[in-house]
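If you want the building blocks of each chain, they are given just below.
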Amino acid sequence: MAVFTAYTIFKINLKFFAPEGPWWRGWHDQKQYLMSARALLHFDLNPDQHWYPLLYPLAGAPFAWAPTPFVPINLLCYAAAFWGFLRIAARFGVGNYASGLLFLAATIGDLRISKFWLEPWTTTMSAAFIWLAFAEAADMLFGTRRRPALLGLLLMAIALVRPADIVVSAVIGGFALWRPVLMERRWADLAKAIGGAAAAFFPYAALYLAIYGWRLTDYTILSGDYGFAFSDLGWKASILLVDPAPWFPGETGLLRVLPWLLTGAAGLILGVWRLHGPARWLTLCMALVALLYTVMMLAYVDLVPTGMWRFFNAHYFKWLFPMAVLFSWLLVTWRDTRGLTVVALLVLLACFRIVPRPAEPGEPAKALAFAAPVAPWQDIYFARSAVQDAKGVQRSPADYHQLLVGEKVVAIAFKREFEGDALWYGVAPAGFAAWPKGSGKPDVVLPGHWPLRPVARYATRLSFGYPCWAPPFPCDAGPQTLAE
């Protein structure tokens, strides 16, 4: 904590009390957190002042008078996440000193990752609750201590901070409350857990109703409009984890920046294979949570390679990074040759890529290319545009994403492919399609004469070769189909 606190002070420098505040105050997401925290400080319950789920802004409200109101809660969440990590690592025989070094390596060992813990994000609070919930579940699995009410409170808090993380709560709760106990004790623990969950839910619900009443928030409506597309999960995993460059030139996948995520996955698999008793159940719980959460995030339509590092959306995964570092360490210290087999299989799997190819006439297209209007990259990326094809209308950025590639605008489908003759409306006519509040930039008007027909159409092709995320990154030297 001393290292992280010193690092935080060093990075933010003297902007704790400077009127202009730190670098993030002008960012879109961070402005929303700050606005909500300030409103809560002054008991302003106007729904226009609140965008994100309320728990994280509420924690920053007591300090909203300062330019850096989220530093205290971020430090506290970091400490809580480490406390949970420390207790989990001890279950696998990792000592305190090694745990501290591993956690520092996973959180501030890379500047790109450290920003996720310094800047205001709801995932900082959810990471703390997730690691504390893992620790409480481990106590119950090992039979050393049973605090089901506290576990229930933590599981509900995870879902309240980030509703999509309810899958995490469900899996941890299922393992902790069902697996290790007799039936009569199981129901008593379940009742206590429900009581703990209610203690978190009802005060939050009262605040929610006071602000929004009996309606969904605009943020919830927007997230639901994006939704999850599980039908093309292989392609999404390819562009987010392995190599986005064929579809999103110049962007970087997770494995290139953090290749130890792969060894962490191998360590989890090996742990389920070689461990026994409560340690195996704990490892299985963590592996299943990691898998289901990753699948959900990969399927989330608004998580795209352009946002991964440019807009810091990789922060969605930051609670997973300490887990990957821990099991990478265990993979080495176990000295189990079966681990080499698991790593080799995962490397082979990560050699697959899904790349573009010209679509045949009449074949559905994953991407369409159009002549680019004279407009900045960000205006094209965030514009409310639409593509009308044989099956109806798709909207950018809710159904597909468009970006400037050279002298073309490439529209890449995320929910369904483009079928038949397609027309691009860079500025959709009034009433042509509807966007919820917060989707794209409604004030952006792209110049041009609409609609436009595509100048090229692309389908997908499965490719296998040297992993583009591994040094020396040879795939960068090859031609990128959409960039040509």
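Residues numbered from 1 in each chain as written. Predicted model: local features only at pLDDT ≥ 70, side-chain atom pairs only at ≥ 80, totals over all residues. Heavy atoms only, no water.

Under the criterion given, the structure shown has 38 aromatic pairs. The interplanar angle of 65° and the centroid separation of 6.2 Å between the aromatic rings of tyrosine 33 and phenylalanine 70 together place this pair among those described as edge-to-face. Of this pair, tyrosine 33 sits in helix α2 (residues 28-41) while phenylalanine 70 sits in the loop between α3 (55-60) and α4 (71-91), placing them 37 residues apart in sequence. Overall, phenylalanine 70 belongs to the buried group, its relative accessible area being 1%. On the basis of an interplanar angle of 65° and a centroid distance of 5.2 Å, the ring pair of tyrosine 78 and phenylalanine 103 is categorised as edge-to-face. Here tyrosine 78, found in helix α4, pairs with phenylalanine 103, found in helix α5 (residues 96-108); they are 25 residues apart in sequence, far enough to count as distant. With respect to class, tyrosine 78 is no different from phenylalanine 103; both count as buried. One aromatic cluster is present, formed by Phe4, Tyr78, Phe82, Phe85, Phe103, Trp117, Trp131, Phe134, Tyr293, Phe317 and Trp319 through successive ring pairs. Lysine 366 extends its terminal NZ or CZ atom over the ring of tryptophan 235, reaching a point 4.0 Å from the ring centre. (Phe/Tyr/Trp six-rings, centres within 6.5 Å; stacked < 30°, edge-to-face > 60°. Helix = DSSP H or I, 4+ residues; strand = E, 2+ residues; numbered from the N terminus. Buried < 20%, exposed > 50% of the residue type's maximum accessible area, 1.4 Å probe, protein only. Lys NZ or Arg CZ within 6 Å of the ring centre and 35° of its normal.)

A separate point is empty space enclosed by the protein. Applying the stated criterion across every chain yields a total of 1 cavity of 30 Å³ or more. By volume, the largest cavity amounts to about 50 Å³. Taken together, Ala229, Asp232, Trp235, Lys236, Leu298, Ala299, Val301 and Phe414 make up the full set of residues lining the largest cavity. For the lining of the largest cavity, the elements supplying multiple residues, two or more each, are α12 (233-242) and α15 (277-299). When grouped by side-chain class, the residues that make up the lining of the largest cavity number 6 nonpolar, no polar and 2 charged. (1 Å grid on protein atoms, 1.4 Å probe; cavity = no way out; pocket = protein on both sides within 12 Å on 5 of 7 lines; lining within 4 Å. Points joined across faces, edges and corners; volume = space filled by probe spheres on them. Nonpolar A, V, L, I, M, F, W, Y, C, P; charged D, E, K, R; others polar.)

Quick look at the nonpolar core now. In a soluble, globular protein the nonpolar side chains are often hidden away together inside. Formed by 126 residues in total, the largest nonpolar core has its most connected members in Phe134, Ile172, Met286, Trp319, Met323 and Ile412. No other element matches helix α7 (residues 122-142), which puts 13 residues into this core. With 16 residues, the next largest nonpolar core counts Ala365, Tyr400, Val444 and Leu446 among its residues. (Core = buried A, V, L, I, M, F, W, Y, C linked by side-chain atoms within 4.5 Å.)

Here we take up the sheet that holds strand β8 (residues 456-464). If you trace the 5 strands from one edge of the open sheet to the other, you get β1-β8-β2-β6-β5, paired in antiparallel fashion. Every interior strand has two partners, whereas the edge strands, β1 (352-358) and β5 (400-405), have only one. The mean angle between the axes of side-by-side strands here comes to 30°, regardless of whether they run parallel or antiparallel. Where β5 lies against strand β6 (residues 408-413), 6 bridges are found, and the strand directions are antiparallel. Bridge pairing links glutamine 402 to alanine 411 in β6. (Pairing = 2+ DSSP bridges. Axes fitted to C-alpha atoms, helices over the stretch in contact; angles between N-to-C directions.)

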